[in-house]
Amino acid sequence: MPEADKPVAAHGRQVMAWDLPTRLFHWTLVVLIPMAWVSRRYGDAGLVWHTWNGYAILVLVVWRLLWGFAGSSTSRFAAFAYWPWTAARYALDFALRRPRPFLGHNPLGGLVVFVLLGLIGLQGALGLFSYDDHDSLAGGPLSARVADEVWGAATQWHILLFDVMLAAIALHVLANILYLVWKGENLPRAMITGRKPSKPFEDEAEARIVGGGRALLCLVAAAAIVFGGVLAGGGKLL
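Now for a quick tour of the structure. (Residues numbered from 1 in each chain as written. Predicted model: local features only at pLDDT ≥ 70, side-chain atom pairs only at ≥ 80, totals over all residues. Heavy atoms only, no water.)

## Examining a nonpolar patch on the surface
Next up, step 1: A contiguous nonpolar patch, built from Leu171, Val173, Leu174, Ile177, Leu178, Leu180 and Val181 and spanning about 650 Å² of accessible area, is present on the exposed surface.
Next up, step 2: Taking relative accessible area as the criterion, Leu171 reaches 58% and is therefore assigned exposed. (Patch = residues over 30% accessible without salt bridge, like charges linked within 9 Å, V, L, I, M, F, W, Y side chains within 5 Å. Areas by Shrake-Rupley, 256 points an atom, 1.4 Å probe, with all protein chains shown as cover. Salt bridge = Lys/Arg side-chain N within 4 Å of Asp/Glu carboxyl O. Buried < 20%, exposed > 50% of the residue type's maximum accessible area, 1.4 Å probe, protein only.)

## What to know about the packing of helix H3 (residues 48-70) against helix H5 (residues 107-129)
Next up, step 1: Where H3 contacts H5, the axes come no closer than 9 Å and their chain directions differ by 140 degrees. In this view, H3 runs oblique relative to H5, as classed from their interaxial angle. H5 is crossed by H3, and the crossing has left-handed handedness. Here Tyr55, Ile57, Leu58, Val61 and Arg64 of H3 come into contact with H5, specifically with Leu117, Ile120, Gly121, Gly124, Ala125 and Leu128.
Next up, step 2: Class assignment of the residues belonging to the contact of H3 with H5 gives a composition of eight nonpolar, two polar and one charged. (Axes fitted to C-alpha atoms, helices over the stretch in contact; angles between N-to-C directions. Helix = DSSP H or I, 4+ residues; strand = E, 2+ residues; numbered from the N terminus. Parallel < 35°, antiparallel > 145°, perpendicular 65-115°, else oblique. Left-handed = near helix turned anticlockwise from the far one by under 90°. Contact = heavy atoms within 4.5 Å. Nonpolar A, V, L, I, M, F, W, Y, C, P; charged D, E, K, R; others polar.)

## Notes on the packing of aromatic side chains
Next up, step 1: On inspection of all chains with the given rule, the structure shows 15 aromatic pairs.
Next up, step 2: Relative to Tyr55, the ring of Trp52 lies with its centre 5.1 Å away and its plane at 70 degrees, an arrangement referred to as edge-to-face. Placement of both Trp52 and Tyr55 in helix H3 is noted, with a separation of three residues, approximately one turn of the helix.
Next up, step 3: A relative accessible area of 37% means that Trp52 is categorised as partly exposed.
Next up, step 4: Residue class for Tyr55 comes out buried when judged on its relative accessible area of 1%.
Next up, step 5: When the centroid spacing of 5.3 Å and the interplanar angle of 20 degrees are considered together, the rings of Trp63 and Trp67 count as stacked. With Trp63 and Trp67 both in helix H3 and four residues apart, this pair spans about one turn of that helix.
Next up, step 6: The rings of Phe69, Phe77, Phe80 and Phe114 are connected pair by pair, giving a single aromatic cluster. (Phe/Tyr/Trp six-rings, centres within 6.5 Å; stacked < 30°, edge-to-face > 60°.)

## Looking at the nonpolar core
Next up, step 1: With 36 residues, the main nonpolar core has Leu29, Ile57, Trp63 and Ile120 as its most contacted residues.
Next up, step 2: At the level of secondary structure, the elements contributing two or more residues to this core comprise helix H2 (20-42), H3, H5, helix H6 (148-183) and helix H8 (212-232).
Next up, step 3: For this core, the leading source of residues is H3, giving 10 residues.
Next up, step 4: Filtering out sequence-adjacent residues up to four positions away, Trp63 remains in contact with Pro21, Thr22, Phe25, Ala215, Cys218, Leu219 and Ala222. (Core = buried A, V, L, I, M, F, W, Y, C linked by side-chain atoms within 4.5 Å.)

## Points about unusual backbone geometry
Next up, step 1: Positive phi values are uncommon outside glycine, yet Leu47 reaches one of about 55 degrees.
Next up, step 2: Here Leu47 shows up in the loop between H2 and H3.
Next up, step 3: With a phi angle near 60 degrees, Arg97 is a residue other than glycine that sits in the positive phi range.
Next up, step 4: Summarising the element assignment, Arg97 is placed in the loop between helix H4 (84-95) and H5.

## Section: the pattern of salt bridges
Next up, step 1: Under the counting rule described, the total for this entry stands at six salt bridges.
Next up, step 2: Across the pair Asp93 and Arg98 runs a salt bridge whose closest N-O atoms are separated by 2.8 Å.
Next up, step 3: Taking the relative accessible area as the measure of exposure, Arg98 reaches 43% and is therefore partly exposed.
Next up, step 4: Where Arg208 meets Glu204, a salt bridge forms, and the shortest distance between an N and an O atom there is 3.0 Å.
Next up, step 5: Take Arg208: its relative accessible area is 57%, and that puts it in the exposed class.
Next up, step 6: Look at the salt bridges and you will find they share partners, linking Asp93, Arg98, Arg100 and Glu202 into a network.

## Points about the side chain of Gln123
Next up, step 1: Inspection of the secondary structure assignment puts Gln123 in helix H5.
Next up, step 2: By relative accessible area, Gln123 is classed as buried at 8%.
Next up, step 3: A distance of 2.9 Å separates the side chain of Gln123 from the backbone oxygen of His158, its partner in a polar contact.
Next up, step 4: Apart from the residues lying within four places of it in its own chain, the contact partners of Gln123 are Trp157, His158, Leu161, Phe162 and Met165. (Polar contact = N/O pair within 3.5 Å; in protein donor to acceptor, adjacent residues only side chain to side chain.)

Note that all results are geometric; they support no functional claim without further evidence.
Next up, the structure:
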């Protein structure tokens, strides 16, 4: 055992890794994504439930973009925006079981976060311009404001991208299982408790947490951007 790890093993000191707003964002999104499928498959004919579920996802994604600049240290994009080759080198170290602990997202995990945010955000945005793909005439709030070719393409991509997004999420879940089995690191637990056992982390020793008031302001701004954007585009919220 490295000398730097001995005090940690002896005392089991826990340090803050994730702020509460980031954790709430993560687990709320975990609920809303399957609800998007359920509300489409079993929801009302007018897709009102599905539409509001989509709004909630878009607000969350926009909030996360704002929080990536205004949030706590480990939640900021600057903390895990690594070059692709840095992520590839980390993946090699992971495969070879070379210990490289990170308090926040490691280089590979950070890349996954950007991919998932992009896929989920694009999926939600396409929904604004899509029509129902079955026998309903229900459409997104901006579907009637664009040409037939646009909403037709948006509808096709909205359907296709959902499967791509699910595949990416499945890989994300698999990676968390591999971390638990291969490295003994329980990443989901840290996203629940907000804490990790103290180690000689490569990024920072402990997260610098900012106040919840800033998170609330970001949430209000995110809602204003999403709903204001729909109204400015000539759409109706329902």
